[in-house]
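# Summary of structural features
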Amino acid sequence: MKVRTALAGLTFALSLGVAAPSLAADPCVGREGPHKVLVAVTGVSPIKGEVAVTLYPDNPRRFLAPKGKLLRARVKATPQVTEVCFWVPEPAYYAIAIYHDANGDQDFNRTIIGMPAEGFGFSNNAPTRVGLPSFESVRFRAGPGTTRVPISMRYQR
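In this report, we go over the structure that sits alongside the text.

What counts and what doesn't
Residues numbered from 1 in each chain as written. Predicted model: local features only at pLDDT ≥ 70, side-chain atom pairs only at ≥ 80, totals over all residues. Heavy atoms only, no water. Pairing = 2+ DSSP bridges. Helix = DSSP H or I, 4+ residues; strand = E, 2+ residues; numbered from the N terminus. Axes fitted to C-alpha atoms, helices over the stretch in contact; angles between N-to-C directions. Salt bridge = Lys/Arg side-chain N within 4 Å of Asp/Glu carboxyl O. Buried < 20%, exposed > 50% of the residue type's maximum accessible area, 1.4 Å probe, protein only. Contact = heavy atoms within 4.5 Å.

### As for the sheet that holds strand 8 (residues 146–152)
Within the open sheet, the three strands sit side by side as 4-1-8. Their pairing is mixed. Each edge of the sheet is formed by a strand with only one pairing partner; in this case those strands are strand 4 (81–87) and strand 8. Shown here is a sheet whose adjacent strand axes are inclined to one another by a mean of 20°, direction ignored. Note: strand 1 (residues 36–42) against strand 4, seven bridges, orientation antiparallel. The partner of K36 across the bridge, within strand 4, is W87.

In structure tokens form, the structure reads like this:
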């Protein structure tokens, strides 16, 4: 929403004595367009810190690689469902990795033996029995319009 339009709406609403429209920017990350991915993360515990959600393009070499991401969002952990929205350039295959940055250090912490110390998850709730999931098990198709991607947070406790 352009500032001029928002201010005009605010002025009009105030003149009528009604609630003003929101001046908040669009909550989606990325360049606005007709296609978006809405990620709904459940199982975050404890409800503190933030949830980092990373969107990767359809390229197995870029998945979880340094500088391989397409977009990343960090949002405050919330009860029930933590939501993130990404604008995507086109309907295509993508992959998502998440982690619960409970201590807010913007790093995925591990134990002394290399096991995850914070919650994590992947699109398609891909299994991680031994090591990381395969790219093929994580990738999903984002269609035209809005694609919803539920992900359950997992903890190694």
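### So, the pattern of salt bridges
Under the counting rule described, the total for this entry stands at three salt bridges. Residue R139 pairs with D58 through a salt bridge whose shortest N-O separation is 3.0 Å. Pair noted here: R139 is in the loop between helix 2 (135–138) and strand 7 (140–142) and D58 is in the loop between strand 2 (50–57) and strand 3 (71–76), with a separation of 81 residues, a long-range link. With a closest N to O distance of 3.7 Å, D101 and R74 form a salt bridge. Pair noted here: D101 is in strand 5 (residues 92–101) and R74 is in strand 3, with a separation of 27 residues, a long-range link. When its relative accessible area of 28% is taken as the criterion, R74 is described as partly exposed.

### Here's the deal with the environment of G43
Mapped onto the secondary structure, G43 falls in the loop between strand 1 and strand 2. Considered as a pair, G43 and T82 are 39 residues apart in the sequence and their alpha carbons are 9.1 Å apart. Sequence-distant contacts of G43, defined by excluding residues within four places in its chain, comprise Q80, M153 and Y155.

Remember, this is a structural readout, not a statement about activity or role.
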